[in-house]
Each structure stands twice: as structure tokens, then as C-alpha cells.
Amino acid sequence: MSDTVALTAAGQRWAELLASWAIPDEIVARGEVPPWSHDPATFAMDDTADPSNPIFELARELLPVDGGSVLDVGCGGGRSSLPLFPRADRIIGVDASWAMLDQFAAAAQSLGVGHREIEGRWPDVAIAAEMSGSPLERVDVVVCHHVFFNVPDLEPFVVALTAMARLGVVAVLPRRHPMSAWNAAWKHFWNVDRPLGPTSDEAVAVLNALGIEPEVFEVPRPAMSRHAEDPALLVRSARRRLCLTSDRDDELAEWLRANPPDFTRDVVVLRWPGASDHEGPW
Ligand SMILES: C[S@@+](CC[C@H](N)C(=O)[O-])C[C@H]1O[C@@H](n2cnc3c(N)ncnc32)[C@H](O)[C@@H]1O
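Read on for an overview of the structure. Sequence order as written defines the numbering, with residues in each chain counted from 1. In keeping with the model being predicted, local features are shown solely for residues with a pLDDT of at least 70 and side-chain atom pairs are shown and tallied solely at 80 or more, while totals for entire chains, interfaces and linings include all residues. Note: side-chain values were computed over all heavy atoms of the structure, leaving out hydrogens and water.

Observations concerning helix α4 (residues 98-111)
Across its 14 residues, α4 extends 20 Å between first and last C-alpha, which sits within 8% of the 20 Å expected from 1.5 Å per residue. Listed in full, the buried residues belonging to α4 are Met 100, Leu 101, Phe 104, Ala 105, Ala 107 and Ala 108. Residues count as neighbours in contact if any of their non-hydrogen atoms are within 4.5 Å of one another. Counting from the N terminus, the helices are DSSP H or I runs at least four residues long and the strands are E runs at least two residues long. Buried residues in α4 make contact with β2 (88-95) and β3 (114-119). Capping the start of α4 is the job of one residue whose side-chain oxygen sits 3.3 Å from the backbone nitrogen of Ala 99: Ser 97. Positive phi shows up at Gly 112, right after α4, with a value of about 90°. Expected span, for any helix, means 1.5 Å times one less than how many residues it has. Buried means the residue's accessible area, taken with a 1.4 Å probe over protein chains only, is under 20% of the maximum for its type, while exposed means over 50%, and partly exposed covers the values in between. Pairs of N or O atoms are called polar contacts if they sit within 3.5 Å, as long as, within protein, a hydrogen donor faces a hydrogen acceptor (for residues adjacent in sequence, only side-chain-to-side-chain pairs).

Here it is, written out as C-alpha cells:
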């Protein structure tokens, strides 16, 4: 059981399924870096970003013709929102990591888009701002790509995303847990059986339980978010995800050549209306 206090059975199920991905402490301690952490370099904006991809078109459809504003929650280096420029001319990035926000700020600056960075966990930063009497500014569209599977408390997370958006929210997530790509490797290197769920269906169930009926689109995973598959990065990301040390790189590389990780090929886009037609409070 997780210690998450969920409002609904769907929220509780999401939290419990995510909790089943916990890695035993003694294995985490053997790794060089935390297995859940992200290497900021792999989330930088690069020339593989394709602004015409449906994951951006679905957000762009909601934005005003010009002068739109976007909040990107879990923005990483900005790949989830900066392709919306110039339709959006103001983009606010929220991330728990300053290293990610530094990359976001540098990429936004070089594009020439108005930007702001907010460091902290969602929804805590939004709640803290609300409580302080200086609520975060509401935006036209909220985007949130590849973050849901990091969030056991999905209900308040989603409620706060919705509350910030005047026009709509666009969330992108893989169909299945991103770490499931490494399940066979976990069995091989640690003899540990890893779970499969939750999937994007359970995320939709959480939204439904909150009274949100999102549009659901399944689209091919864009090239830019396939960085983990880059052969030059594969051993390094496998080492991180599997709590292995660099002295096993040759063994790891050889195993990965024969057993390529089963990276998910599709992502699911969830889009629903925003709830904010005013500047706050919630
Ligand atoms: C997998 S990366 C995705 C980055 C970016 N959205 C993209 O699609 O390239 C997840 C990001 O979400 C951030 N993150 C995870 N949980 C968060 C939370 N509760 N609040 C804020 N940021 C979070 C991480 O620091 C990381 O930068």
C-alpha cells in the first residue's frame, strides 16, 4: 500500500501501482546515481524537435492566433513547450530541477520567447503561491509531457494543472510505464521481476474519477523523446536505470546489443478543458 491519500479508487489504484515500482534500498545504494533521476543533457532542445508533431498541434489548436501563454509543468529543457513558439509568446517552465530550468531558460532565451522559470514540485509550488497571496499567473494552455508516471498523487496534480489553464490542458505520456523498457534487464542483472502497470488507461481513469473526460489521441512517439535509444547514450542510461556501476559497462553493452530495451513506440495525448477564466484564487 502507498501512503498516498487519494480521493477516489482510481487515484488510489494509480498510487499503488506506481508504488510497486519501488526499487529495494540495497540495490539503489549500489548505483552511482539515483535510478529515477534524469540526465538534463538528454532533455535539451535540439534539432529533432518537430513543431508539426500532433503533440504540439493539439496544444496549438487551443492557443489564440497570437500572444498565447503556456505553462509547462515538468518542463525539463523545454522540448514540451518551446516548439509552441511563436504561437505562444510567453512560456513559463516549472520543474523540480534547477539544472533542467537552466536549460529551459537558455533555450527560451535563444528563441526569443518571453519566459519565466519556477523551481519546485507541482502542485506544491502552485499551492504555496496561492497561500502566500501571490498566485501563479493563469495561462491559456498548460502542457505536461512525460511527468505523470513520476507522480503518485495524480489527483491534486491534475486538479492544479486544470485550475491554471484558461483554455485547456495537454498532457502527454507513454502508453506504459517508461521504466518497463528495462524489465528484461532487471531480470537479467538483478533477478528482479518488475511490474507492468499502471498504463495510460489508469491515468485516464483518474481523470474520469475527477469528472474530467479527456480527448485521447494515440500518436507515434516523436524522435526527440527517443534519446534513451541513442546508441551513444544507451549504456549510460541503462547503467543509471539499472543501478549498475561503470566497471560493468562492457558487459552491459554486450547484453544490450543482444537484448535491446523494449522502448514504447506510442505516446498518448490527453486533452481537456481548463477551469480558469479568472486570475485566481482557485
Ligand atoms: C521525463 S522529464 C520530461 C521533460 C519534458 N517535459 C520533456 O518532455 O522533454 C520529467 C521532468 O519532470 C520533472 N518533474 C517530475 N516530477 C515533477 C513535479 N512533481 N513537479 C515538477 N517537476 C517535476 C523532472 O525534474 C523532469 O525534468
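Thoughts on the site of the ligand
The cutoff for a nearby residue is simple: one of its non-hydrogen atoms must lie within 4 Å of the molecule or strand. Taken together, 18 residues form the shell around the ligand, and within it Gly 74, Ser 80, Asp 95, Trp 122 and His 145 come nearest. A distance of 2.6 Å separates an oxygen atom of the ligand from a polar side-chain atom of Asp 95. A distance of 3.2 Å separates a nitrogen atom of the ligand from a polar backbone atom of Ala 96. Using a 1.4 Å probe, accessible areas were evaluated by the Shrake-Rupley method; residue-level cover was limited to the displayed protein chains. Considered on its own, the ligand offers 600 Å² of accessible surface; in the complex 93% of this is hidden by protein.

Some thoughts on the pattern of salt bridges
Salt bridges are identified by distance alone: a Lys or Arg side-chain nitrogen within 4 Å of an Asp or Glu carboxyl oxygen. Following the criterion strictly, the structure yields 14 salt bridges and no others. Across the pair Glu 202 and Arg 13 runs a salt bridge whose closest N-O atoms are separated by 3.5 Å. Taken as a pair, Glu 202 in helix α8 (residues 200-209) and Arg 13 in helix α1 (residues 9-19) lie far apart in primary sequence, 189 residues in all. The exposure class assigned to Glu 202 is buried, which follows from its relative accessible area of 18%. A salt bridge links Arg 60 to Glu 57; the nearest nitrogen and oxygen atoms lie 3.0 Å apart. Of this pair, Arg 60 and Glu 57 both sit in helix α3 (residues 54-60), separated by three residues, roughly a single helical turn. Among the residues examined, Arg 60 registers a relative accessible area of 13% and is labelled buried. Relative accessible area serves as the criterion here: at 32%, Glu 57 is assigned to the partly exposed category. What emerges from the salt-bridge pattern is a single network uniting Glu 32, Arg 239 and Asp 249.

As for the pairing of β3
Pairing between β2 and β3: six bridges, direction parallel. In the strand pairing of β3, Asp 95 is matched with Glu 119. Tracing the backbone out of β2, into α4 and back to the parallel element β3 gives a crossover that is right-handed. For two strands to be treated as a pair, DSSP must find no fewer than two bridges joining them. Assignment of crossover handedness uses the view with strands pointing away from the viewer, where a clockwise path from the first strand over the helix to the second indicates a right-handed crossover.

Observations concerning the side chain of Glu 155
Positionally, Glu 155 belongs in helix α6 (residues 154-164). Under this rule, positive means Lys or Arg and negative means Asp or Glu; His and the chain ends count for nothing. Of the side chains with opposite charge, Arg 13 lies nearest to the buried Glu 155, which makes no salt bridge, at 12 Å. Among the polar contacts made by the side chain of Glu 155, one reaches the main-chain amide nitrogen of Leu 7 at a distance of 2.5 Å. Among the polar contacts made by the side chain of Glu 155, one reaches the side chain of Thr 8 at a distance of 2.5 Å.

Overview of α8
Among the residues making up α8, those that are buried are Ser 200, Glu 202, Ala 203, Val 204, Val 206 and Leu 207. Considering only its buried residues, α8 is in contact with α1, α6, β5 (165-174), β6 (215-220) and β7 (266-273). In the stretch just after α8, Gly 211 is the one whose phi turns positive, near 85°.

Concerning the nonpolar core
One finds Trp 122, Phe 148 and Phe 157 to be the most contacted residues of the largest nonpolar core, which totals 38 residues. Ranked by residue count, the leading element in this core is α6, at six residues. Phe 157 has contacts with Val 73, Trp 122, Pro 123, Cys 144, Val 147, Phe 148 and Val 151, leaving out every residue within four places of it along the chain. Think of a nonpolar core as a cluster: buried Ala, Val, Leu, Ile, Met, Phe, Trp, Tyr and Cys residues, connected wherever their side-chain atoms sit within 4.5 Å. With 23 residues, the next largest nonpolar core counts Ile 55, Ala 59, Val 70 and Val 170 among its residues.

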